[in-house]
Amino acid sequence: MALSSAGEMDLSHEGESKGRDPVLLSILGLAVVFILAHAIGVLPSWLVRLPESWIPPTAEVLDVVFAFVQNDLGLIHLTRFIAEGPLEFMLDATANLLYGKRRWPNLGPIPWTAIAAAGTVLGYYLGGWRLAALAGGTFLWTALIGQWDIAMQTMSVLVVAAPVAFVIGLLLGIAAWKYTWVDVVIKPVLSILQTLPFFTYLLPAVIFFKVGPTAGAVATIIYAIPPMILMTTLGLKKVSPEVVEAGKMSGSSRFQMLTQVYLPSARTEILVGVNQVIMLCLAMVVLTAFIGMPGLGAKLLAMMGSFKLGRSFEIGVTIVLFAIMLDRLSKAWVVKQPEHHEKGTPWWKEHAFLLAGLAGFVVFYILAQFIDVFTEIGRRQSFSKGKEIDTAIKGFLALDGVRAVTEWLRWFLNVKVLIPFRNSLLWIPTSAFILLIVGFSYWLGGRKSAIYAAIFFTIVALSGWWDRSVITLYTVISAVIISMLIGIPMGIVAARNEVWAKRILLACDTAQTFPSFIYLIPAIMLFGVNDVAVVFAIVIFTTVPLTRYTIEGLRTVPLEITEAADMAGATRRQKLWSVQLPIALPTMAVGFNQAIMFAFFMVIIAAFIGTQDLGQELQRTLAGTELGKNIVLGMNVALMALTFDLTIMAWAEKRKKSLGLD
């Protein structure tokens, strides 16, 4: 108990000193004064809300800048050349091969059975029969359910976007590793890109590139690049000096050192980056349905818009299966080590799986020329049960007990919790709100975090979209609090049993592969279209990291510390609150951080349901060419998210130091 007690004493002392900190007391005291003055009606109006005359015309200025870059500098001609040249060429080729678009090389569409056979062999090569069944089963389900064409429309963009994002990310990662100035410049850009809402990627892609698959591919590529850069840089920095020295002693040139020493040594981190690129590409290519990208996302959007829950459910299952399959295949690729064969091994033995995949592909390609069902399963021949599922779902939701529970929850959360909370936040004067956020950041993360919070939220106030930003923040805070009440207790209970911990972690891993659009389906099913549905969808999405990192944090508590607590006669509750949770908090902080980031991401997607926040305004910009407004709204979301990100991570670092866990 010595380490734990010392840690608790340090934390207790730190908390007391923070509580008496004159700076913190001054910030919070001034906020309280502003709130009380507003309550009795004596606070100057400019401290309640900034006057319109004070709001700088940021959006208009950005529109002028973008128009200058687009037209006067001629960037539009370059982007259109790329869109109508190499990018469209690649997209047309993959579209022709996968679903028969009449373009070069005029060989498509490839029969679904041939793709399924090759995918099954690939799955077996990477992970055995289970992965083979997952890959083959996903393709089989997609074909039998009558969704092959729309799935291949999505895949035709994915197979172009993912490799391009990989190559660009790899090259930028190498540059950031090799040149310090590139790393310094690129880090803040990546931080902003990773917090920008996805709508902010879509409108520039539409304006500078053609609507449809081309714009969708560009937005997807840009969205997926950051993790590849970060993982490449991380992997290259971790290469051991001994390996580097051995490469230099063998007389390798700079290029040889890079390609034969550094990159192979960083293989694991680079392949983890590839996994993240693939998953982000799939998530984004589904969301590009908002800018006319055909495929699974567009079909899901249409079905949800017409409240066809059965078809929405089937399409959702297909998207989830593809997400899990691509995730498992890419992860298996990460852990699979290169195979080495003895000298003199026949070529066909060295490449047995490649030949098996080609053989399966060719056999089914030939059979498809004679058997129509091996080529394509038409809508009339499919096994889709969308109408029956729709009837069953609506019948279940119409049950008296189910309807009573959902209606009561909707009424209680709306009337007693969400609306009063939203109105309370909107009532707080802008000046007091900023001071409260700054005080929170100072208390949790320190002076540097407080300065960032003051700058970021002042920019939000000066954007002219304060009330919409507050509504966005209200939704995020509401969802994260509810998620904490669910996810943390669930993680604590699961961590007590190794079997259940593994099961819950597996469920969390699986849930994190789901594209975020999927979480709207159960929300709409249960609560219709309202604030409760929005919060419910975010809660499902954000409970996952909170549960996961609570389990991971509690499992990292050293065994000797818990044994010392047992020997000291601590009860299970005392051991949890006084020993395990304090040590687990730095790891759990990652879960808090991810939950907040996920919530900001999901609240923008929930604009489809019909919200009154920044997401709704961002969605409206897609119908026009208000690029300046789009950037301002996106930056508001990014700045709020960055405030919490920097604060929580600063807090986690302080906790690690106070516990001696560095």
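Residues numbered from 1 in each chain as written. Predicted model: local features only at pLDDT ≥ 70, side-chain atom pairs only at ≥ 80, totals over all residues. Heavy atoms only, no water.

**Comments concerning the side chain of lysine 629**
- Relative to the helices and strands, lysine 629 is located in helix H31 (residues 627–659).
- A polar atom in the side chain of lysine 629 sits 3.0 Å from the side chain of glutamate 617. (Helix = DSSP H or I, 4+ residues; strand = E, 2+ residues; numbered from the N terminus. Polar contact = N/O pair within 3.5 Å; in protein donor to acceptor, adjacent residues only side chain to side chain.)

**Looking at helix H30 (residues 614–621)**
- Burial analysis of H30 places six of its eight residues in the buried class, which makes it a mostly covered element.
- The complete set of buried residues in H30 reads Leu614, Gly615, Gln616, Glu617, Leu618 and Thr621.
- Sitting at the amino-terminal end of H30 is aspartate 613, which places a side-chain oxygen 3.1 Å from the backbone nitrogen of glycine 615. (Buried < 20%, exposed > 50% of the residue type's maximum accessible area, 1.4 Å probe, protein only.)

**Considerations on the pattern of salt bridges**
- Within this structure, the stated rule accounts for 16 salt bridges.
- A salt bridge links lysine 575 to aspartate 566, with the nearest nitrogen and oxygen atoms 3.1 Å apart.
- What makes aspartate 566 partly exposed here is its relative accessible area of 42%.
- Salt bridges sharing common partners tie together Arg468, Glu617, Arg620 and Lys629. (Salt bridge = Lys/Arg side-chain N within 4 Å of Asp/Glu carboxyl O.)

**Observations concerning the domain arrangement of the protein chain**
- Under the domain assignment, the protein chain is made up of domain 1 (110–144 + 310–337 + 346–387) and domain 2 (399–428 + 464–662).
- Inter-centroid distance (C-alpha atoms) of domain 1 to domain 2 is 35 Å.
- Listed per partner, the contact involves nine residues of domain 1 and eight residues of domain 2.
- One can count zero salt bridges joining domain 1 with domain 2.
- Counting every contact that joins domain 1 to domain 2 gives one residue pair in polar contact (both at pLDDT 80 or more).
- Partitioning the side of domain 1 that touches domain 2 into residue classes produces five nonpolar, two polar and two charged. (Domains from an automatic or database assignment. Contact = heavy atoms within 4.5 Å. Nonpolar A, V, L, I, M, F, W, Y, C, P; charged D, E, K, R; others polar.)

**Structural notes on the environment of valine 417**
- Mapped onto the secondary structure, valine 417 falls in helix H21 (residues 400–427).
- Of the residues examined, valine 417 reaches a relative accessible area of 34% and is grouped as partly exposed.
- Sequence spacing of valine 417 and leucine 144 is 273 residues, and the spatial spacing of their C-alpha atoms is 45 Å.

**Some points on the layout of surface pockets**
- For the second largest pocket, the calculated volume is near 810 Å³.
- Taken together, 28 residues make up the lining of the second largest pocket; nearest its centre are Leu122, Met155, Val159, Leu326 and Leu329.
- When contributions to the lining of the second largest pocket are tallied by element, the ones reaching two or more residues are helix H6 (112–127), helix H8 (148–178), helix H14 (267–287), helix H16 (309–335) and helix H18 (352–368).
- Here the residues of the lining of the second largest pocket are counted per class, giving 25 nonpolar, three polar and no charged. (1 Å grid on protein atoms, 1.4 Å probe; cavity = no way out; pocket = protein on both sides within 12 Å on 5 of 7 lines; lining within 4 Å. Points joined across faces, edges and corners; volume = space filled by probe spheres on them.)

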